[in-house]
Amino acid sequence: MKAPFSAYLESIEPALRSLVEILGKQYEYVSILSTDSVGFQLTLSQHSKSVTNQNRTTERGSVVRVYRGGRYSEFAFNEFDREKVAEKAAEISAELEKQFSLLELCACETYDTPVLDDEPIELFCEKEAEILPETADTAKLIDELMSVSDLGVKTIPGALDCQAGGSSTHISKLFLSRNRTMRQSYVYTEGMYAAFAPSKNGEMKMVYEGVSGLCGPEILFTIKDKIREAPKIMEDVQGSGKIVPGEYDVITAPDVTGLIAHEAFGHGVEMDMFVKGRALGADYIGQRVGSELVTMHEGALCAESVTGYAFDDEGTLAGDVTEIDHGILRTGICDALAAKRLGVRPTGNGKRENYAHKAYTRMTNTIFDSGSDSLDDMIASIKFGYLLAGSESGMEDPKHWGIQCIIGRGYEIKDGKLTGNVVSPIVMTGYVPDLLGNISMTSGDRCVFGTGACGKGHKEWVKVADGGPYLKTKARLG
Amino acid sequence: MFDVLKKKLEALGAAGWELTETEKRGWEFYFIRHQLDQNRVVETRTYSVKIYRSIEDGKYLGSASDVISPTMNDEEIDRRIASVWEQAALIRNPMYKLVSEPINIPDKNNPVDLEKISRDFIETFAGVAETSGEDINSYEIFVSSLSRRFLNSNGVAYSCVYPSSTIDLVVNARREGHEIELFRFITCGTCDREKLRKDVEDALRFGKDRLVAKNTPKLQSGAVVFSTADACEIYDYFLYQMNASLKIRKISSYEIGQPICDKFEGDILSVKAVSSLPNSSRDYPVDGEGSVIEDRYLIRDGIPENFYGTRQFAQYLGLEKSSNVQNAVFSGGKGDAASVRSGDYLEVVDFSDFQVDPMSGDIAGEIRLGYLCRGGKITPVTGGSISGSLPAAVSTMRFSKESVQYDTLMIPAVTRLENLRITGIAELED
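Residues numbered from 1 in each chain as written. Chains lettered and ligands numbered in written order. Predicted model: local features only at pLDDT ≥ 70, side-chain atom pairs only at ≥ 80, totals over all residues.

1. Some details on the overall build of chain A
Consideration 1: The number of helices and strands found in chain A is 10 helices and 26 strands.
Consideration 2: Considering chain A as a whole, with its 478 residues, one finds that 60% of them fall into the buried category.
Consideration 3: Across chain A, every contact between residues at least 6 apart in sequence was considered, and the portion connecting residues at least 24 apart equals 75%. (Helix = DSSP H or I, 4+ residues; strand = E, 2+ residues; numbered from the N terminus. Buried ≥ 20, exposed ≤ 12 C-beta atoms within 10 Å, placed from the backbone. Contact = placed C-beta atoms within 7 Å.)

As structure tokens, then:
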């Protein structure tokens, strides 16, 4: 079935269009993004259960963007009476004028920027979903997630608790400007389990895995497949040792490959950072940043994932950008304002945490292309090193191309074979061009993961996905 | 809308309900260098409803929640509340009681002057002394007035208005064609001009040092000193361990009356939850469930004294009175900052992302700038990482008697952990 576009947004569209027209008499450019997204979040464990119809992406509200004299301003709100459009327009102007007065008082200069393009676009896109979150059988979902928790506690050695959860959102967004009317609706869902158990020396260990997709809550019924792998993973972690710090030959499992993609040339080529002079990537367009085996794509059209939208939060159509082509950095990703400032076309990567937040250049799907090697051959090629799995978190440093990845497990490889020894946890650090330049083998398969969220610095959390194949490279581990 | 929702909730005949109205008025300013990138106004209002149902004659308490938007019509609200009512019956948590004690402290409704606070921030940044070698790259200013009005089915009511501000700052330093950056994320109530100026100047000084930093040597292990906001990660671990939720889930091993480590060979930590800290971004005396936040020791002299948490988990632990913790003070250091910095150590003042896992206590962080002190010589270093286990380091942990406040936490100014793994890049020089 199609995920239907919000009836509420349909009902206020004429009034919002009037708001654009009224404000258009004072400003050179006016656009409105309005959202109405509904969903749920379920969290079940042996000790507590909760259900709420609020999650990270449920929202209802609007943000107006206006432009005058080289300056962009925004007003975000969630109280709107369609009978009082003129009053709302006056309120927006008055509040922004107060800010302009303060800026004048403080003698602030403006980063002079050209007006945004507003080429005509009409779009109506409703994507497929088997089940909608608002009509899902909550009782059935709770039973399923509780059975995951029960199975985890029963089968994972020493498990103290196993939390199972899921969230699903039916997103509806409406973008209006003088020349654009864009409407989209889609459903994405993610689920996870997290099991906790002590190691032999009493250290608390956690094993986590998730599922996600551009689909309805039906995907939550596949978490049980994941929890069946959990006992082995927990045993590995419980019996793990600490790594001897140093540089090693490594193979990254697809989830760790995705983390590298995200941190290395995801954040590294967000072009709003180019505007601020915060990214080294700006100086390396057309130059080699990885081995011949490295090709990387970014864009909402790259995969049917949690971030598979049709247009971004600035009314730019979704794209598929080849960032790195056989090791050569080709381009970055860009929101509309940064594109205007850099004199390039936006790539459909202008995203907001929600309607009340500013749009920045943000990632969508960031994915390494697969190659032709087999995992067995990759392992056989290593004299001493580690197979790294269990992506936990990462941090970028686009200015210096440093990278930090926290990884759950390292499986020791000696003389071309897995020894069964495991180290945990691992901090992988390094210089991005070295890490990508040393990629010497890539497997033929690839996976995309969408259970995480990405911040800009330490805030502005948005849904992203990343992935790729197994990669063989060299990395510094600690 | 508040009164409409109250009537609808009362009509349910539920075992209990909670209703919270939250209004946010925000002013935001984004600067590239000192030029305005964008200005923004945020005006939002939401209504959170939580409905509780008694199941099997009070053996269980079910609950579910939703957020009602002010643009929802009567029919939509009825549908949403009906949905929450049905969902609450599906959740079976052992019975606990909502807050019923009346709040005997006055509401806190002093208006927040967004314009003045914004001006303080803008002028402070404009007044920072920059040079051709060190300057501000960009900054984002978020100033909010948050208004919260709470009511539950037992008639417990409270309302407050408080300021909350956030700063996102990037500074640059450059020399001979090489440029580096440092990032700072600051949260607070309003603008403390002097403190902010010092924070920015410290960041500029660190930036200058990073330019001349050498690669971190392959030390393998050693003492690491923390003297910036990253140290909050260390102290947050102890707060998590005293959270009733983690105790009920058996993830916290802390026990009331049992020391947090076998033998104290360093300083002995005390942790006190407090209702208020000056200029905290969470300066309100009542938590989200209507519990009054009282000053109380969570850990005193290394011995857990009180767990804290939501009504549900606090009551499961048998705590009659409890609340969530908004602000906390950590103390117990015997020596001054200089004594904590004695001998050889690596003081890291800038990480890519320093983390202490709240459950396992695993420590990890890539070093962007550290000061390596060996044999009395101090060398700026960069690159590599530190890792280790906080539970293993507690017994020898040392921290200064001087304190410093980072928003909601008052922590020792200098903290030292022994025997962390240090993954370096350069060969170790004699």
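2. Some thoughts on the overall build of chain B
Consideration 1: Helices and strands together make up the secondary structure of chain B, namely nine helices and 22 strands.
Consideration 2: Rg of the C-alpha trace for chain B: 24 Å, near the compact-globule value of 22 Å for 430 residues, within the 12% margin.
Consideration 3: Principal axes of the C-alpha set define a box for chain B whose edges measure 75 × 55 × 35 Å.
Consideration 4: Each of the 430 residues in chain B was classed as buried or not, and the buried ones make up 50%. (Rg over C-alpha atoms; globule rule 2.2 N^0.38 Å.)

3. Brief notes about the interface of chain B and chain A
Consideration 1: Taken together, the contacts link 63 residues of chain B with 65 residues of chain A.
Consideration 2: Take the side of chain B that touches chain A: its biggest share by element is 11 residues, from strand S2 (residues 35–55) of chain B.
Consideration 3: Residue classes in the side of chain B that touches chain A are distributed as 23 nonpolar, 23 polar and 17 charged.
Consideration 4: Note: strand S5 (residues 109–110) of chain A against S2 of chain B, two bridges, orientation parallel. (Nonpolar A, V, L, I, M, F, W, Y, C, P; charged D, E, K, R; others polar. Pairing = 2+ DSSP bridges.)

4. With respect to the domain arrangement of chain B
Residue and element names in this part refer to chain B.
Consideration 1: Domain boundaries assigned for chain B yield domain 1 (2–211) and domain 2 (214–423).
Consideration 2: Tallying the contact residues gives 28 residues for domain 1 and 23 residues for domain 2.
Consideration 3: Within the residue set of the side of domain 1 that touches domain 2, elements represented by two or more residues are strand S1 (16–32), strand S4 (93–94), strand S5 (134–152), strand S6 (157–175), strand S7 (178–188) and helix H4 (193–211).
Consideration 4: Per-element tally for the side of domain 1 that touches domain 2: the top contributor is S6, with five residues.
Consideration 5: Of the residues belonging to the side of domain 1 that touches domain 2, the class tally is 14 nonpolar, eight polar and six charged. (Domains from an automatic or database assignment.)

5. Quick notes on the sheet that holds strand S12 (residues 321–325) of chain A
Residues and elements named next belong to chain A.
Consideration 1: Across the sheet, which stays open at both edges, the six strands sit in the order S13-S12-S11-S16-S25-S22 with mixed pairing between neighbours. At either end of the open sheet lies a strand with only one pairing partner, and these are strand S13 (328–329) and strand S22 (447–449).
Consideration 2: Direction of pairing for strand S11 (residues 296–298) relative to S12: antiparallel, over a ladder of three bridges. Note on S12: the bridge partner recorded for Glu298 is Val321.

6. Considering the domain arrangement of chain A
All names here are of chain A.
Consideration 1: Taken domain by domain, chain A consists of domain 1 (7–106 + 122–238) and domain 2 (246–477).
Consideration 2: Taking only C-alpha atoms, the centre of domain 1 and the centre of domain 2 are 23 Å apart.
Consideration 3: In this assembly, 29 residues from domain 1 lie in contact with 22 residues from domain 2.
Consideration 4: Of all the secondary structure elements, the ones that give two or more residues to the side of domain 1 that touches domain 2 are strand S1 (29–44), strand S3 (59–68), strand S4 (71–77), strand S6 (121–126), strand S7 (161–177), strand S8 (180–198), strand S9 (204–213) and helix H5 (230–238).
Consideration 5: Among the elements that take part in the side of domain 1 that touches domain 2, S8 stands out by supplying seven residues, more than any other.
Consideration 6: A class-by-class count of the residues in the side of domain 1 that touches domain 2 yields 13 nonpolar, 10 polar and six charged.

7. Things to note about the confidence of the model for chain B
Consideration 1: Per-residue confidence for chain B averages 95 on the pLDDT scale, and 100% of its residues sit at or above 70.
Consideration 2: Interface predicted TM-score (ipTM) for the complex: 0.95; the corresponding pTM is 0.95. (pLDDT = per-residue confidence, 0-100.)

8. Considering helix H3 (residues 114–126) of chain B
Consideration 1: Over its 13 residues, H3 of chain B extends 18 Å from the first C-alpha to the last, a length consistent with the 18 Å expected when each residue adds 1.5 Å.
Consideration 2: Those residues of H3 of chain B lying buried are Leu114, Ile117, Ser118, Phe121, Ile122, Thr124 and Phe125 of chain B. All buried residues of H3 of chain B lie within an arc of 165° about the axis, which places them on one face of the element.
Consideration 3: The inward-facing, buried residues of H3 of chain B contact helix H2 (85–105) of chain A together with S1, S5, S6 and H4 of chain B. (Expected span 1.5 Å × (residues − 1). Arc of directions from axis to C-beta.)

9. A few points about the pairing of S7 of chain A
Residue and element names in this part refer to chain A.
Consideration 1: Judged by how many residues are buried, S7 sits mostly within the fold: 17 of 17 residues are covered.
Consideration 2: Strand direction decides the pairing type here: S1 and S7, joined by 12 bridges, are antiparallel. Across the sheet, Gln41 pairs through a bridge with Ser167, a residue of S7.
Consideration 3: Of the strand pairs in this sheet, S7 and S8 are connected by 16 bridges, and their pairing is antiparallel. If you follow Thr169 over to S8, its bridge partner there is Tyr188.

10. Considerations on the sheet that holds strand S12 (residues 303–304) of chain B
Residues and elements named next belong to chain B.
Consideration 1: Spatial ordering of the open sheet is given by S12-S11-S10-S13-S21-S20, a layout of six strands whose pairing is mixed. Each edge of the open sheet carries a strand with a single partner, namely S12 and strand S20 (403–406).
Consideration 2: Across three bridges, the pairing between strand S10 (residues 270–274) and strand S11 (residues 296–300) is antiparallel. What sits directly across from Ala273, in S11, is Arg296.
Consideration 3: Contacts from helix H5 (residues 231–241) reach S10, S11, strand S13 (327–331), S20 and strand S21 (409–412) within the one sheet, and its direction differs from that of S21 by about 110°. (Axes fitted to C-alpha atoms, helices over the stretch in contact; angles between N-to-C directions.)

11. Remarks on unusual backbone geometry
Consideration 1: Omega for the peptide link from Ser424 of chain A to Pro425 of chain A comes to -20°, which places this bond in the cis form.
Consideration 2: In this fold, Pro425 of chain A is placed in the loop between strand S19 (417–423) and strand S20 (426–431).
Consideration 3: Here His326 of chain A, not a glycine, exhibits a phi torsion of approximately 50°, which is positive.
Consideration 4: Looking at the element boundaries, His326 of chain A is found in the loop between S12 and S13.
Consideration 5: In the Ramachandran plot, Asp57 of chain B falls in the positive-phi region, its phi being about 55° despite a non-glycine side chain.
Consideration 6: Structurally, the position occupied by Asp57 of chain B is in the loop between S2 and strand S3 (60–68).

12. Side note on the pairing of strand S23 (residues 453–456) of chain A
Residue and element names in this part refer to chain A.
Consideration 1: Residue alternation in S23 divides its side chains into a buried set, Cys454 and Lys456, and an unburied set, Ala453 and Gly455.
Consideration 2: Relative to strand S24 (residues 459–463), S23 is paired through three bridges, and the arrangement is antiparallel. Looking across to S24, one finds that Lys456 is bridged to Lys459.
Consideration 3: A loop of two residues connects S23 with S24, the two strands running antiparallel in sequence, and Gly457 in this loop sits at a positive phi of about 70°.

13. Quick word on the nonpolar core
The tendency in soluble globular proteins is for nonpolar side chains to be buried side by side.
Consideration 1: Counting residues in hydrophobic clusters, the biggest one holds 256 residues, and the most contacted among them are Leu23, Tyr193, Ala195 and Leu388 of chain A together with Val49 and Val224 of chain B.
Consideration 2: With nine residues, S8 of chain A is the single largest residue contributor to this core.
Consideration 3: Excluding residues within four positions of it along the chain, Leu388 of chain A makes contact with Val250, Ile251, Thr252, Ala253, Val256, Ile407, Gly410, Ile426 and Met428 of chain A. (Core = buried A, V, L, I, M, F, W, Y, C linked by C-beta atoms within 7 Å.)

14. Comments concerning the packing of helix H1 (residues 7–23) of chain A against H2 of chain A
All names here are of chain A.
Consideration 1: For the pair H1 and H2, the least separation of the axes is 9 Å and the interaxial angle reads 45°. The angle between H1 and H2 places the two elements in the oblique class. Judged by the twist between their axes, the crossing of H1 over H2 is right-handed. For the pair formed by H1 and H2, the contact residues are Ala15, Ser18, Leu19, Ile22 and Leu23 on the first element and Val85, Ala86, Lys88, Ala89 and Ile92 on the second.
Consideration 2: Partitioned by chemical class, the residues of the contact of H1 with H2 number eight nonpolar, one polar and one charged. (Parallel < 35°, antiparallel > 145°, perpendicular 65-115°, else oblique. Left-handed = near helix turned anticlockwise from the far one by under 90°.)

15. Comments concerning the environment of Val42 of chain B
Consideration 1: Among the secondary structure elements, Val42 of chain B is positioned in strand S2.
Consideration 2: On the basis of neighbour count, Val42 of chain B is assigned to the buried category, with 23 C-beta atoms found within 10 Å.
Consideration 3: Each C-alpha atom, one on Val42 of chain B and one on Tyr158 of chain B, is 24 Å from the other, the two residues being 116 residues apart in sequence.
Consideration 4: The residues touching Val42 of chain B, leaving out its near neighbours within four places in the chain, are Ala76 and Ala356 of chain A together with Lys24, Gly26 and Glu28 of chain B.

16. Re the environment of Val4 of chain B
Consideration 1: Structurally, Val4 of chain B can be placed in helix H1 (residues 2–10).
Consideration 2: For the pair formed by Val4 of chain B and Leu146 of chain B, sequence separation is 142 residues and the distance between their alpha carbons is 22 Å.

17. A short note on the environment of Arg330 of chain A
All names here are of chain A.
Consideration 1: Its location among the elements puts Arg330 in the loop between S13 and helix H8 (336–342).
Consideration 2: By the C-beta count within 10 Å, which is 15 here, Arg330 ends up partly exposed.
Consideration 3: Here the alpha-carbon distance between Arg330 and Tyr284, two residues 46 residues apart in the chain, equals 8.7 Å.
Consideration 4: With sequence-adjacent residues up to four places away left out, Arg330 is seen in contact with Thr322, Glu323, Ile324 and Asp325.

18. Brief notes about helix H3 (residues 138–155) of chain A
All names here are of chain A.
Consideration 1: For H3, spanning 18 residues, the distance from its first C-alpha to its last is 26 Å, which sits close to the expected 26 Å at 1.5 Å a residue.
Consideration 2: Among the residues making up H3, those that are buried are Thr138, Leu141, Ile142, Glu144, Leu145, Val148, Ser149 and Gly152. For H3, the arc enclosing every buried residue in end-on projection is 165°, short of the 170-degree limit, so these residues lie on one face. Exposed positions of H3 whose direction lies more than 90 degrees from the buried face are Ala139 and Lys154.

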